[in-house]
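In case you want the letters, here they are:
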Amino acid sequence: MTAFAPNDPAADAACVIAFRDITKRFGAITALSGVSFAGYRGTVHAITGENGAGKSTLMKLLAGVFTPESGEILLGGKAVRFGGALGARAAGIATVFQELTLLPNLTVAENLFLGREPRRFGLIDGRAMRERAQAVLDRVGIALDADVICGDLVIAEQHLVEIAKGAVADADIVIYDEPTAALDGPGVEKLARLIAQQKQDGKLIFYISHRLDEIFRLCDTTTILKDGKHVTTRPTRELTRDDLVSLMVGRELGHLFPRRNPRPRRQDPALSVSDFTAERGRPPVSFAVLRGEIVGLAGLEGHGQREILRAVAGLIAADGGRAQKYDASGKVTPLSPAVVATARAGLGLIPEDRKLEGLYQPLSIAQNIALGMLRRAPMASRARIDQDRIRALMGEMNIRARDASQIVASLSGGNQQKVMIGRWLASGVDVLLVEEPTRGVDVGAKAEIYRLLREFADHGGAVLITSSELTEHIGLCDRILVVHDGALVAELAGEDADEETIMRHALMGRPAAAAVS
Amino acid sequence: MTRHKKRLFGRSGLGVIAIGLPAAMFLLLSLGTPDFFSARNIANVNSQITALLIVALGQLIVALIGGIDISVGSVISLTSVVLASLSASVAVPVALILAALVGLGNGLGVAVFGVHPLIMTLASMIFVQGFALLIMSAAGGTVPPLLIALAKTNIAGLPAGFFWCVSALAIVAVLLHKTAFGLRLFAIGANAQSAALSGVGVRAPRLACYMLCSLAGAIAGVYLTGRIASGDPTMGEPFGLNSVTAIALGGVQLSGGVGSVIGVVLGTITLGLISNGMNLVGVSPFFSAALTGLLLLGAVSLQRRKAIGI
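A quick note: this is a predicted structure, and the numbers were derived from the prediction, not measured.

Chemist: What is the right way to look at the interface of chain A and chain B in this model?
Modeler: Interfaces are often sized by the amount of accessible area the parts lose when they come together. The interface of chain A with chain B comprises 31 residues on the first partner and 25 residues on the second. For the chain A and chain B pair, buried surface summed over both sides reaches about 2400 Å², with 61% attributable to carbon and sulfur atoms. Linking chain A with chain B are 1 salt bridge, by the criterion used here. Those elements giving two or more residues to the side of chain A that touches chain B turn out to be helix 2 (85-90), strand 8 (123-124) and helix 5 (155-168) of chain A. A per-element tally of the side of chain A that touches chain B places helix 2 of chain A first, with 3 residues. Residues of the side of chain A that touches chain B, tallied by class, amount to 16 nonpolar, 4 polar and 11 charged.

Rendered as C-alpha cells:
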C-alpha cells in the first residue's frame, strides 16, 4: 500500500506523473475536485468510475486538451502546464482517443505520423514514413497496408489504426480512453499484447475503462473516481469485483424526487417495442411503457440505451423490429423512422443536447413553446398561437423569466429544460422520450423537472428516459430497464432498486441478471 | 491485406469526369473547328489559361482547408494598377507586399476571428477593388519593360506563359504533395479537430493559405499586366469566381481535404477550352456562360454521385 500512497510521490524515481489537488469546472459544474494520485513507470493504471465520474476529463487534462482551474500536474517531479495537445505530445504523452480521430483522406501511414512526419531535406520522407508505419502495424499485428487510404477501411480496422497511434508515439505515458468500445475479440487481444509490450518498455499506461474484465486482466493499479472526486488508488489484485462496484457508487437520494403513484391500475400501454434492433449487430429488445408510468433505460455509456430511445423517436432508423404507439382509446399507430411522423403520432423527444437539437436559442420562450402547438398544422395554415395558454404553462412550470418574450438563450439550463418540456405539454403529446432529463440543470430546478415529468405521467402520459445518473433512475422511475451491450439484462422496480444492483447489472450483464430474476 | 485495392488517385478528387471532360472537349474542338490548331489560337488560349491556372492554384490551396477566396480577382487588379503607376524598381515588391497584406487580412479574419471565408473575402474583394480604382480609375499607365519581356518573350519556340505555368505548377505540387505543410492542409481540411488532436497546429496553416492565395493572385497580375503592357483597374474581375469554377471542374472539393494540382490543370483547361471553343464556333459568349454554369453543376454532381445518389 505504501508504494501507492507515499507522502511525496514526486520524489520517487519511478513516479512518472503525479496529480496534485486537481480541480476542473465547466461553467457551474465541477467535473473534478481535489484529485490527487500518482502513476508509476512500467505499470498499467486503470482509471474507472461511473458515467460522468470525471475519468475522461482527467485524462484530457493530462493530454493538454483542457487546463485545470487549480492544482498541478507533476511530470517527473516538475510542475507542467501544456498549451494544448501539441505541448503534451512534446512532453511525451500520447493519447488514443475514444472517438475516431483518423482523417479519412490520408493513408494509414500519414495518419500515424501526422504532426511528426519523418523529413529529408525539409520534405516529407514518404518512403521512411511508409516503412516505419508498416513496421508498427506488423509489430502490433494489424494486417493492413500502410498505403491504404483510411476512409476505405471499415470501422473496426480504423479503430485498430487508432490504437497503432499509441504504438507509434515515442511517448513515456500512453493514455487509452475506452479503447475497446469498438473492438472485436481479436482486436482486444492485439491491444492487450501492445499494452504488455509498452509496459515492459517501462512506459506508464493509463487505461480508462469501465469494463471489469479488462481492468482485472490488464491493469496493475486501479484508480476509482466518483463525482469528480478521487476515491482510491490501489493495486488491482487487492480489489474484488464487488469492491469496485461498491466503491464506484453510493450517493444520497435527497428530497429531490416526487412521490411515486401506486402502480397504475390500468395496464394499458402507451408505447410498445418488440424485437426492436436500434443498431445493426445489437440484440433485439422488447418492452412496453404503460400509461401513468415513468420507465428508465439505465446502463453505462455506449451500451446502446441512447440508441434505443433515439430509434423509437425516429431519429435513427432501426435495423429491425416494431415500435407502436397506442392512444388513449387503444388505437394502434405503428411508428415510422421519421421524427416528424413520431411527433405527429404523439411522441415528444427531449434531446440531451438542448442547444443543438432542442431549442431555438435566439427565439423567445413563447415562440419556442408555440412550435409545439403547431405540431399538426399544415404548412400553409395561419399560425394561431394561444398566448394565454403559453402564459398559463409558464406559470404552471414556474419558468423564471421576465415574460414570454424573453430570449431562450438568456435562460438558465433548468429554465431552458422547462421550456422544452413546455413545448410538448402545449402540443398535447402523451408520450415523452427524455434523454438526460436534468443535464446541465441546477439542483433547485431538478426537483421541479422531476415533478413536471411525474405530473405528466399522473395525467395519463407515459415517459421513457435515459440517464447517466443512477440516482435519477432510482428516484424518478417506476421501472428501470438495465441495458448491457444493447440487451435488456434486468428489470427492476424503481422503489426497490439501489445503485449497487443497477451497477452490477450494467457492468456484468447477463449472468448476474439471471441470478436476480 | 489484398482486400483493399489501393485507390489510384487517393485524395486527389480526380475521376472520370475531371479527366474525361477536357479530353472530350479537346477532341471535339480539334475535329470540329479547323482554326483550333492554328498557332494564333493556341497562343491565345495559352495566355488566357496561364493567368487562370496560377490563380486557380492559389484557390486550390485555400479550398483544401475548406475555405474560399473570391478576393483574389481584386488582388490581380490591384497588382496591375500598382505596376503601372510606380517606378520599375519598387513596383513588383510593393505589389507582392500589398497582396500579402490582403491575404493576411483574409487569414486573420477567417482563422483568428472566425468570419465566414465567403464574407471575409467578399469584403476584401470590394475593399481592394475600390482601392485599385482609387489609384487608377481607368486603364493606362506604363509598365516596366522587363515585365513585358517576361510575359511575352518566346524561349526555344515556347511562349513565356508556358514557363510561368510550369514554374507555378512545380512549386505548388511540391508544396502540397511533398511537404509536411501540404499534408497538414489535407488533414485540416478533412477534420480540423482531429488534426488538432493529432498535434497539428490549425491556425497558422490556415492563415498561410490565404496569404499564398493572394500571392498567387499577385503573380497572375504581374503576368497579365506584362502581357497587355498596361495597367487595368478591373483586369482581375472575372478571376475570382472563374478560379473557383476551374478547381471545382477539376474535382477539388470545396468542403476541404480533397484536390490535386493535376485536377486544377484539367479544370482550368476545360474552362479555357469552353470559352475559346465557343468563340471559335461562333457561339455568343453569353450562351457560353450559361452553358458553363450547367456544365459546372453537371460535372460536380457526377463527381459526387455517391453523395447525391445518382
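Right, picking up where we left off after that structure.
Chemist: Help me understand the sheet that holds strand 6 (residues 93-96) of chain A, please; the structure alone is not making it clear to me.
Modeler: Through backbone hydrogen bonds, the strands of a sheet pair up, either in parallel or in antiparallel fashion. All names here are of chain A. Spatial strand order, 6-9-10-3-11-12: 6 strands in an open sheet with mixed pairing. Pairing within the sheet leaves two strands with one partner each, and these edge strands are strand 6 and strand 12 (229-235). Averaged over all pairs of adjacent strands, the angle between strand axes in this sheet comes to 20°, irrespective of strand direction. Here strand 3 (residues 44-49) runs beside strand 11 (residues 221-226); their pairing, made up of 5 bridges, is parallel. The residue of strand 11 that forms the bridge with Gly49 is Leu225.

Chemist: Would you take a moment to explain the domain arrangement of chain A for this structure?
Modeler: Residue and element names in this part refer to chain A. For chain A, the assigned domains read domain 1 (1-90 + 215-248) and domain 2 (269-357 + 430-516). Averaged C-alpha coordinates put domain 1 and domain 2 at centres separated by 33 Å. Applying the counting criterion to the domain 1 and domain 2 interface returns 1 salt bridge. In this structure, Arg504 engages Asp242 in a salt bridge whose closest nitrogen and oxygen atoms are separated by 2.5 Å. Counting the contacts that link domain 1 with domain 2 gives 1 residue pair in polar contact (both at pLDDT 80 or more). Of the residues forming the side of domain 1 that touches domain 2, the biggest block, 5 residues, is contributed by helix 8 (residues 241-248). For the side of domain 1 that touches domain 2, the per-class residue count stands at 3 nonpolar, 2 polar and 3 charged.

Chemist: Help me out: how do you make sense of the packing of helix 4 (residues 88-112) of chain B against helix 5 (residues 117-135) of chain B in this one?
Modeler: For any two helices packed against each other, the geometry comes down to the angle between their axes and how far apart the axes lie. Residue and element names in this part refer to chain B. At a minimum axis separation of 9 Å, helix 4 and helix 5 run at an interaxial angle of 150°. Put simply, helix 4 runs roughly antiparallel to helix 5. The crossing of helix 4 and helix 5 is right-handed. Every residue of helix 5 that contacts helix 4 at Val102, Gly105, Asn106, Gly109 and Val110 is listed here: Pro117, Met120, Thr121, Ser124 and Val128. Residue composition of the contact of helix 4 with helix 5, by class: 5 nonpolar, 5 polar and no charged.

Chemist: What exactly am I supposed to notice about the environment of Glu357 of chain A here?
Modeler: Residue and element names in this part refer to chain A. Among the secondary structure elements, Glu357 is positioned in helix 11 (residues 354-358). Residue class for Glu357 comes out partly exposed when judged on its relative accessible area of 42%. Measuring from C-alpha to C-alpha, the distance between Glu357 and Arg391 comes to 24 Å, with 34 residues separating the pair along the chain. Setting aside residues no more than four positions away along its own chain, Glu357 makes contact with Arg310 and Pro351.

Chemist: Even after reading the chapter, I still don't get the pairing of strand 15 (residues 294-298) of chain A, so can you show me in this structure?
Modeler: Along a regular strand, successive side chains alternate from one face of the sheet to the other. All names here are of chain A. The buried count for strand 15 comes to 5 of 5 residues, which makes it a mostly enclosed element. Where burial is concerned, the two faces of strand 15 agree: the one with Ile294, Gly296 and Ala298 and the one with Val295 and Leu297 are both buried. For strand 15 and strand 21 (residues 479-484), the ladder comprises 4 bridges, and the chain directions are parallel. Bridge pairing in strand 21 links Val295 to Arg479.

Chemist: Explain unusual backbone geometry here, please?
Modeler: A negative phi angle is the norm for most residues apart from glycine, just as the trans form is the norm for most peptide bonds. Of note in this structure, Asp485 of chain A is not a glycine but carries a positive phi near 50°. The residue Asp485 of chain A is located in the loop between strand 21 and strand 22 (487-493) in this model.

Chemist: For this particular structure, what's the right way to read the pattern of salt bridges?
Modeler: Working definition: two side chains of opposite charge can pair if their charged atoms are close together. Residue and element names in this part refer to chain A. Tallied over the entire structure, the rule returns 28 salt bridges over all chains. The salt bridge involving Asp147 is made with Arg130; its shortest N-O contact spans 3.8 Å. Taken together, the positions of Asp147 in the loop between helix 4 (126-140) and helix 5 and Arg130 in helix 4 put the pair 17 residues apart, joining distant regions of the chain. Counted as one network, the salt bridges with shared partners bring together Arg306, Glu352, Glu436 and Arg439.

Chemist: Can you help me understand the side chain of Ser80 of chain B in this one?
Modeler: All names here are of chain B. In this structure, Ser80 sits in helix 3 (residues 72-85). Here Ser80 falls in the buried class, since its relative accessible area comes to 0%. Setting aside residues no more than four positions away along its own chain, Ser80 makes contact with Thr225, Ser230, Gly231, Asp232 and Met235.

Chemist: Is there a simple way to think about helix 11 (residues 239-249) of chain B in this case?
Modeler: Because an α-helix completes one turn every 3.6 residues, residues spaced three or four positions apart along the sequence face the same direction. Counted residue by residue, helix 11 of chain B has 9 buried out of 11 residues, so it is predominantly covered. What helix 11 of chain B keeps buried is the set Phe239, Gly240, Ser243, Val244, Thr245, Ala246, Ile247, Ala248 and Leu249 of chain B.

Chemist: Can you walk me through the nonpolar core in this structure?
Modeler: Across soluble globular proteins, nonpolar side chains show a tendency to be buried alongside one another. Among the nonpolar cores identified, the biggest contains 169 residues, and Leu112, Tyr176, Leu432, Ile480 and Ile502 of chain A are the most heavily contacted of them. With 12 residues, the top contributor of residues to this core is helix 2 (residues 39-64) of chain B. When near neighbours in sequence (up to four residues on either side) are disregarded, Ile502 of chain A contacts Ala298, Leu470, Ile474, Ile480, Val482, Leu492 and Ala497 of chain A. Core analysis: the next-biggest nonpolar cluster, separate from the first, contains 27 residues, Phe276, Phe287, Leu347 and Val483 of chain A among them.

Chemist: So what exactly am I meant to see when it comes to the pairing of strand 16 (residues 320-326) of chain A here?
Modeler: Residues and elements named next belong to chain A. Taken together, the 5 bridges between strand 13 (residues 269-277) and strand 16 define a ladder with antiparallel strand orientation. Paired with Leu271 across the two strands is Lys325, which belongs to strand 16. As judged from the 3 bridges shared by strand 16 and strand 17 (residues 332-334), these two strands associate in the antiparallel manner. The partner of Lys325 across the bridge, within strand 17, is Thr333. In this antiparallel pair of consecutive strands, strand 16 and strand 17, the connection spans 5 residues, and Gly330 shows a positive phi of 100°.

Criteria and thresholds
Residues numbered from 1 in each chain as written. Chains lettered and ligands numbered in written order. Predicted model: local features only at pLDDT ≥ 70, side-chain atom pairs only at ≥ 80, totals over all residues. Heavy atoms only, no water. Contact = heavy atoms within 4.5 Å. Buried area = accessible area lost by both parts, 1.4 Å probe. Salt bridge = Lys/Arg side-chain N within 4 Å of Asp/Glu carboxyl O. Helix = DSSP H or I, 4+ residues; strand = E, 2+ residues; numbered from the N terminus. Nonpolar A, V, L, I, M, F, W, Y, C, P; charged D, E, K, R; others polar. Pairing = 2+ DSSP bridges. Axes fitted to C-alpha atoms, helices over the stretch in contact; angles between N-to-C directions. Domains from an automatic or database assignment. Polar contact = N/O pair within 3.5 Å; in protein donor to acceptor, adjacent residues only side chain to side chain. Parallel < 35°, antiparallel > 145°, perpendicular 65-115°, else oblique. Left-handed = near helix turned anticlockwise from the far one by under 90°. Buried < 20%, exposed > 50% of the residue type's maximum accessible area, 1.4 Å probe, protein only. Core = buried A, V, L, I, M, F, W, Y, C linked by side-chain atoms within 4.5 Å.

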